[in-house]
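Notes for the structure review
So you can see what is in the structure, the chains are spelled out below.
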Amino acid sequence: MIKAAPDGIKEVTPPLSDTDVASLKAGDRVRISGVLYTARDAAHARLFPLVEQGKPLPIEVRGQIIYYTGPSPARPGAVVGSIGPTTGGRMDKFTPALLALGLKGTIGKGARSQTVKDALRQHTAVYFGAIGGAGAILSQFVKRLEVEGFPAIGVNDCHGGDLYEDGVRAFAREDA
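Residues numbered from 1 in each chain as written. Predicted model: local features only at pLDDT ≥ 70, side-chain atom pairs only at ≥ 80, totals over all residues. Heavy atoms only, no water.

Here we take up the overall build of the protein chain. For the protein chain, the count of helices and strands is six helices and nine strands. Expected size for 176 residues packed as a compact globule is a radius of gyration near 16 Å; at 16 Å, the protein chain falls within 12% of this value. Viewed in the frame of its principal axes, the protein chain has a C-alpha envelope of about 50 × 40 × 30 Å. Scored against the burial criterion, the 176 residues of the protein chain give a buried share of 43%. If you take every contact in the protein chain between residues at least 6 apart in sequence, the share linking residues at least 24 apart comes to 60%. For the protein chain, the exposed surface amounts to about 9200 Å²; the carbon and sulfur share of it is 55%. (Helix = DSSP H or I, 4+ residues; strand = E, 2+ residues; numbered from the N terminus. Rg over C-alpha atoms; globule rule 2.2 N^0.38 Å. Buried < 20%, exposed > 50% of the residue type's maximum accessible area, 1.4 Å probe, protein only. Contact = heavy atoms within 4.5 Å. Areas by Shrake-Rupley, 256 points an atom, 1.4 Å probe, with all protein chains shown as cover.)

Listed below in structure tokens is the structure:
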């Protein structure tokens, strides 16, 4: 579900539908609340053979968001330690197959390949960016196995929008 907050930031709560995702554009600021799955390279490498063999996954990805992170151990009284994003491009070889199964969003840092951007369009999904280097701060938004108001920004939307490319064009020097 997606709803606009008075401050212009979109409130995102998985599971997401195609209509929800289609309402997002590259550059939209969001706050995500609800269950987020976390997975990095090793977890994706374990999921991928199951996808290729048509076997069920240990989690239901339809409508969900995967955050590319590997949280560090929690300090006493905390839910998690630092939980910053890892580079989304490291999961590019796995992402299109997960999107085909109904995954609606991913969160990471850095640009994605054209193959992933095409898959986002084909399967009506979105790639959100989170602030790299801010893992300790981001851990404050994690409540149990859920997030509450987790800040991110739309980087690639299902319409072909690309915040990184838009930014380069917007600030390109004409004499360069």
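Next up on the list: unusual backbone geometry. With an omega dihedral of 10°, the bond running from Pro14 to Pro15 counts as a cis peptide bond. Its place among the elements puts Pro15 in the loop between strand E2 (10–12) and helix H1 (18–22).

Position of Asp20 relative to the elements: it lies in helix H1. For the pair Asp20 and Ile65, spaced 45 residues apart in the sequence, the C-alpha separation amounts to 13 Å. If we ignore the near neighbours within four places in the chain, the residues touching Asp20 are Met1, Ile2 and Pro15.

Before going further, it helps to spend a moment on the nonpolar core. Of all hydrophobic cores here, the largest spans 22 residues; its most connected members are Ile32, Ile65, Tyr67, Ile107, Phe128 and Phe150. Of all the elements in the fold, those that place two or more residues in this core are strand E3 (29–35), strand E5 (65–67), strand E7 (126–129) and strand E9 (146–156). At three residues, the largest contribution of residues to this core is made by E9. Once residues within four sequence positions are removed from consideration, Tyr67 is found in contact with Leu36, Tyr37, Thr38, Ala39, Ile83, Gly84, Pro85, Ile107, Ala130, Leu138 and Phe150. Core analysis: the next-biggest nonpolar cluster, separate from the first, contains 18 residues, Phe94, Ala119, Ala125 and Val155 among them. (Core = buried A, V, L, I, M, F, W, Y, C linked by side-chain atoms within 4.5 Å.)

This part takes up helix H2 (residues 41–52). In this model, H2 (twelve residues) spans 16 Å end to end at C-alpha, consistent with the 16 Å of a helix rising 1.5 Å per residue. Within the sequence span of H2, burial applies to His44, Leu47 and Val51. Relative to the axis of H2, the buried residues are bounded by an arc of 70° and lie together on one face. For H2, the exposed residues lying more than 90 degrees away from the buried face are Ala42, Arg46 and Glu52. Following H2 by one or two positions, Gly54 has its phi on the positive side, about 70°. (Expected span 1.5 Å × (residues − 1). Arc of directions from axis to C-beta.)

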